[in-house]
Amino acid sequence: MDFGFTREDQDFREEARAWLAGNVKGGIDRRTWERTLGAEGWIGLGWGEVGYGNRCATLTQQVVWAEEYARSGAPARSGHIGENLLAPTLLAHGSDEQKSRFLPPIAAGEELWCQGYSEPGAGSDLAGIRTAAVREPDGRTYRVTGQKVWTSLAHVADWCFVLARTEPGSARHHGLSFLLVPMDQPGRIEVRPIRQMTGTSDFNEVFFDGARAEHVVGGAGHGWRVAMSLLGFERGVSTLAQQIGFAEELGAVVRAAVESGAARDPVVRERLVRQWAELRTMRWNALRTLGSSGDAGAPSVAKLLWAGWHQRLGELAVLVRGARAAVGPVDWSASTPYELDASQHLFLFSRADTIYGGSDQIQRTIIAERVLGLPREPKGAV
């Protein structure tokens with residue numbers, strides 16, 4: 001596409017920058033921040049429809065907002081799953097009733113969502129769903145039983161969109177439905193945080209024991225089609241915002257290399273330059289594919305590029321610090337077993353980049369089958 005910023009885009013940038021400068025403050029909790037964004041219509045810029053309390057922005061203005069948000073140091077978003085994944089899915093597949101019920105509170109920052117896809121034992125195989133949902137005699141309510149894992153933000157979410165098997169005896173991608181499940185169901189939903197190497201617990205296990213669900217998006221048995229549509233929304237302007245954060249992390253690694261003297265090593269210098277060049281290449285590739293929907297392999301290529309790049313950056317972050325990278329920023333205590341500085345956190349957390357969101361192996365399989373037309377990978381019996 002012919003990508004460029006117009007005068008209107010620059011005016012929008014100045015408005016966004018000024019608003020963020022006046023509202024980003026230290027100490028604000030993430031749920032309050034979502035409501036602050038929603039009050040000014042900053043949630044839902046890319047929905048393509050207004051009337052839910054959101055502004056509507058062009059594609060380039062969405063890029064502007066994402067870039068300015070990343071540069072501002074604003075809090076990490078808690079509402080991005082509802083805004084960027086569920087909302088576009090509802091606009092594409094939801095009923096008028098579902099859109100009227102769920103989009104306004106998402107736009108207002110009032111209701112937070114999590115994604116119930118991955119399951120134990122299934123790995124990255126989304127079709128290996130065992131969570132079951134049985135329809136009640138009223139014909140409207142389902143009772144969901146099963147387990148989801150690696151569920152981001154489940155511990156703070158108000159709702160979860162769940163891919164569940166609603167046709168007994170069905171297998172693989174057949175007989176699945178896309179259900180909207182309220183998380184506040186004591187005794188029927190249990191959330192268990194998963195402690196990570198970084199010491200934080202952003203991921204969770206979620207157990208459903210007859211949990212109630214009254215909303216099916218796209219109709220019963222059509223969950224696979226809806227789920228695949230949702231996965232297509234996981235790329236876009238957010239990739240460019242992600243790269244702003246990557247650039248800041250790379251800058252910190254370069255400064256650490258200079259301070260430690262590691263930058264005098266020609267091998268380290270070559271690796272730093274390569275990281276910079278690859279980041280620029282990823283930006284231009286993201287701009288090239290922005291807004292396009294005809295390339296089935298583009299999301300997988302992008303994931304392979306940034307995941308490996310970020311993992312290598314984490315390795316560089318500890319390499320340039322030498323032995324100091326093995327020592328924490330504060331002394332160990334019983335209440336706080338360890339704390340990490342920024343470079344240590346980057347190194348440990350980036351180990352997961354090539355796994356979550358579809359492992360590298362899965363992305364290569366998608367490219368092989370959907371782009372190159374190679375024979376499909378053999379599947380084991382279910």
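Participant: Before we move on, can you summarise the packing of helix H9 (residues 298-319) against helix H11 (residues 360-371) with the specific residues and values?
Facilitator: Taken N-terminus to C-terminus, the directions of H9 and H11 make an angle of 150°; their axes are 9 Å apart at the nearest point. Like other packed secondary-structure pairs, H9 and H11 cross with a definite hand, here left-handed. The segment H9 lies against H11, with Ser300, Val301, Lys303, Leu304 and Ala307 engaging Asp360, Gln363, Arg364, Ile366 and Ile367. Taken together, the residues that form the contact of H9 with H11 break down as 5 nonpolar, 2 polar and 3 charged.

Participant: Give a description of the nonpolar core that names residues and reports values.
Facilitator: Counting 27 residues, the largest nonpolar core has Trp47, Leu86, Trp113, Tyr117, Phe161, Phe178 and Leu180 as its most contacted members. Of all the elements in the fold, those that place two or more residues in this core are helix H4 (80-93), helix H5 (96-107), strand E4 (159-165), strand E5 (176-182) and helix H6 (223-232). When residues of this core are assigned to their parent elements, the largest contribution, 6 residues, is made by H4. Leave out the neighbours within four places in its chain, and Phe178 touches Leu86, Thr89, Tyr117, Phe161, Val162, His215, Val216, Val217, Gly223, Val226, Ala227 and Leu230. Residues Ala263, Trp306, Ala307 and Leu316 belong to the second largest nonpolar core, which totals 19 residues.

Participant: Residues and numbers for a nonpolar patch on the surface, please.
Facilitator: On the surface, Val371, Leu372 and Leu374 cluster together to form a nonpolar patch covering roughly 280 Å² of accessible area. As for its position among the elements, Val371 is in helix H11. A relative accessible area of 45% places Val371 in the partly exposed class.

Participant: Explain empty space enclosed by the protein residue by residue, including any values.
Facilitator: Evaluated as defined, the whole model comprises 2 cavities of 30 Å³ or more. Taken as a whole, the largest cavity encloses approximately 50 Å³ of empty space. In this structure, the largest cavity is lined by Thr239, Gln243, Met282, Asn285, Ala286, Ala302, Leu305 and Trp306. Of all elements in the fold, only helix H7 (237-260), helix H8 (266-289) and H9 reach the threshold of two or more residues within the lining of the largest cavity.

What counts, and where the lines are drawn
Residues numbered from 1 in each chain as written. Predicted model: local features only at pLDDT ≥ 70, side-chain atom pairs only at ≥ 80, totals over all residues. Heavy atoms only, no water. Axes fitted to C-alpha atoms, helices over the stretch in contact; angles between N-to-C directions. Helix = DSSP H or I, 4+ residues; strand = E, 2+ residues; numbered from the N terminus. Left-handed = near helix turned anticlockwise from the far one by under 90°. Contact = heavy atoms within 4.5 Å. Nonpolar A, V, L, I, M, F, W, Y, C, P; charged D, E, K, R; others polar. Core = buried A, V, L, I, M, F, W, Y, C linked by side-chain atoms within 4.5 Å. Buried < 20%, exposed > 50% of the residue type's maximum accessible area, 1.4 Å probe, protein only. Patch = residues over 30% accessible without salt bridge, like charges linked within 9 Å, V, L, I, M, F, W, Y side chains within 5 Å. Areas by Shrake-Rupley, 256 points an atom, 1.4 Å probe, with all protein chains shown as cover. Salt bridge = Lys/Arg side-chain N within 4 Å of Asp/Glu carboxyl O. 1 Å grid on protein atoms, 1.4 Å probe; cavity = no way out; pocket = protein on both sides within 12 Å on 5 of 7 lines; lining within 4 Å. Points joined across faces, edges and corners; volume = space filled by probe spheres on them.

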